[in-house]
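Next come the chains, spelled out residue by residue.
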Amino acid sequence: MPVALSKDGPDRLVIEWSDGHRSVYTWRHLRDNCPCAGCREERQKPPDPFRILKPNELVPLAPLRMPPVGRYAYKIVWSDGHDSGIYTLEHLRSLCQCPQCSVRAAYEPET
Ligand SMILES: [Zn+2]
Ligand SMILES: [Zn+2]
């Protein structure tokens with residue numbers, strides 16, 4: 001379970017877990033992995049050759065709030081109003097970008 005959420009620098013989120021692990025994420029990484037139906041669909045579309053920026057690349061894009069949803073998930077409310085992504089704790093943990101987890105991710109195939 002997360003015990004603390006905090007901001008690290010201008011574009012990173014830090015989650016401290018009850019098992020002592022400290023997860024670091026860039027906001028972009030979290031948004032790119034948004035599990036909501038709209039974002040999933042967006043990621044599956046073929047690239048549009050005329051598009052320069054995706055809607056989620058508009059700056060400044062930042063998470064405003066991260067309220068818990070039930071006991072095992074958090075939702076992220078973004079500065080552009082997007083708030084339908086519900087991140088389960090398991091998902092958050094699998095997205096962790098700390099050096100320890102990045103090494104592990106390099107060996108495990110992405111699902
Ligand atoms: Zn989304
Ligand atoms: Zn980690």
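Residues numbered from 1 in each chain as written. Chains lettered and ligands numbered in written order. Predicted model: local features only at pLDDT ≥ 70, side-chain atom pairs only at ≥ 80, totals over all residues. Heavy atoms only, no water.

Re the nonpolar core
Okay, so step 1: Counting 22 residues, the largest nonpolar core has Y25, L30, Y87 and L92 as the members making the most contacts within it.
Okay, so step 2: When contributions to this core are tallied by element, the ones reaching two or more residues are β2 (12-17), α1 (27-32) and α3 (89-94).
Okay, so step 3: When sequence neighbours within four positions are dropped, the list of residues in contact with L92 reads I15, W17, Y25, L30, M66, Y74 and Y87. (Core = buried A, V, L, I, M, F, W, Y, C linked by side-chain atoms within 4.5 Å. Buried < 20%, exposed > 50% of the residue type's maximum accessible area, 1.4 Å probe, protein only. Helix = DSSP H or I, 4+ residues; strand = E, 2+ residues; numbered from the N terminus. Contact = heavy atoms within 4.5 Å.)

Concerning the coordination of the zinc ion (ligand 1)
Okay, so step 1: Bound to the zinc ion (ligand 1) are the protein donor atoms C34 (SG), C36 (SG), C39 (SG) and H82 (NE2), situated 2.1 to 2.3 Å from the metal.
Okay, so step 2: Around the zinc ion (ligand 1) sit four donor atoms, and with donor-metal-donor angles ranging over 104 to 114° the site reads as tetrahedral.
Okay, so step 3: Written as a sequence motif, the donor residues of the zinc ion (ligand 1) are C-x1-C-x2-C-x42-H. Here C36, found in the loop between α1 and α2 (37-44), pairs with H82, found in the loop between β7 (77-78) and β8 (86-88); they are 46 residues apart in sequence, far enough to count as distant. With respect to class, C36 is no different from H82; both count as buried. (Donors = N, O, S within 2.8 Å, 3.2 Å for Na, K, Ca; no water. Tetrahedral: all angles 85-135°; square planar, octahedral: opposite > 155°, others 65-115°.)

What about the sheet that holds β2?
Okay, so step 1: Across the sheet, which stays open at both edges, the three strands sit in the order β1-β2-β3 with antiparallel pairing between neighbours. Every interior strand has two partners, whereas the edge strands, β1 (2-8) and β3 (22-26), have only one. Averaged over all pairs of adjacent strands, the angle between strand axes in this sheet comes to 20°, irrespective of strand direction. (Pairing = 2+ DSSP bridges. Axes fitted to C-alpha atoms, helices over the stretch in contact; angles between N-to-C directions.)

Considerations on the coordination of the zinc ion (ligand 2)
Okay, so step 1: The zinc ion (ligand 2) binds to the protein through H21 (NE2), C96 (SG), C98 (SG) and C101 (SG), with metal-donor distances spanning 2.0 to 2.3 Å.
Okay, so step 2: Classification of the site at the zinc ion (ligand 2) as tetrahedral follows from its four donor atoms and the range of 103 to 121° in their angles at the metal.
Okay, so step 3: For the zinc ion (ligand 2), the single-chain donor residues occur in sequence as H-x74-C-x1-C-x2-C. Of this pair, H21 sits in the loop between β2 and β3 while C98 sits in the loop between α3 and α4 (99-107), and the two are 77 residues apart along the sequence. Here the two residues H21 and C98 agree in accessibility, since each one is buried.

Focus: the sheet that holds strand β5 (residues 68-69)
Okay, so step 1: In spatial order, the strands read β5-β6-β8; together these three strands make up an open sheet with antiparallel pairing. Sheet topology places β5 and β8 at the edges, where each strand pairs with a single neighbour.
Okay, so step 2: Across three bridges, the pairing between strand β6 (residues 73-75) and β8 is antiparallel. Considered in β8, the bridge of Y74 is made with Y87.

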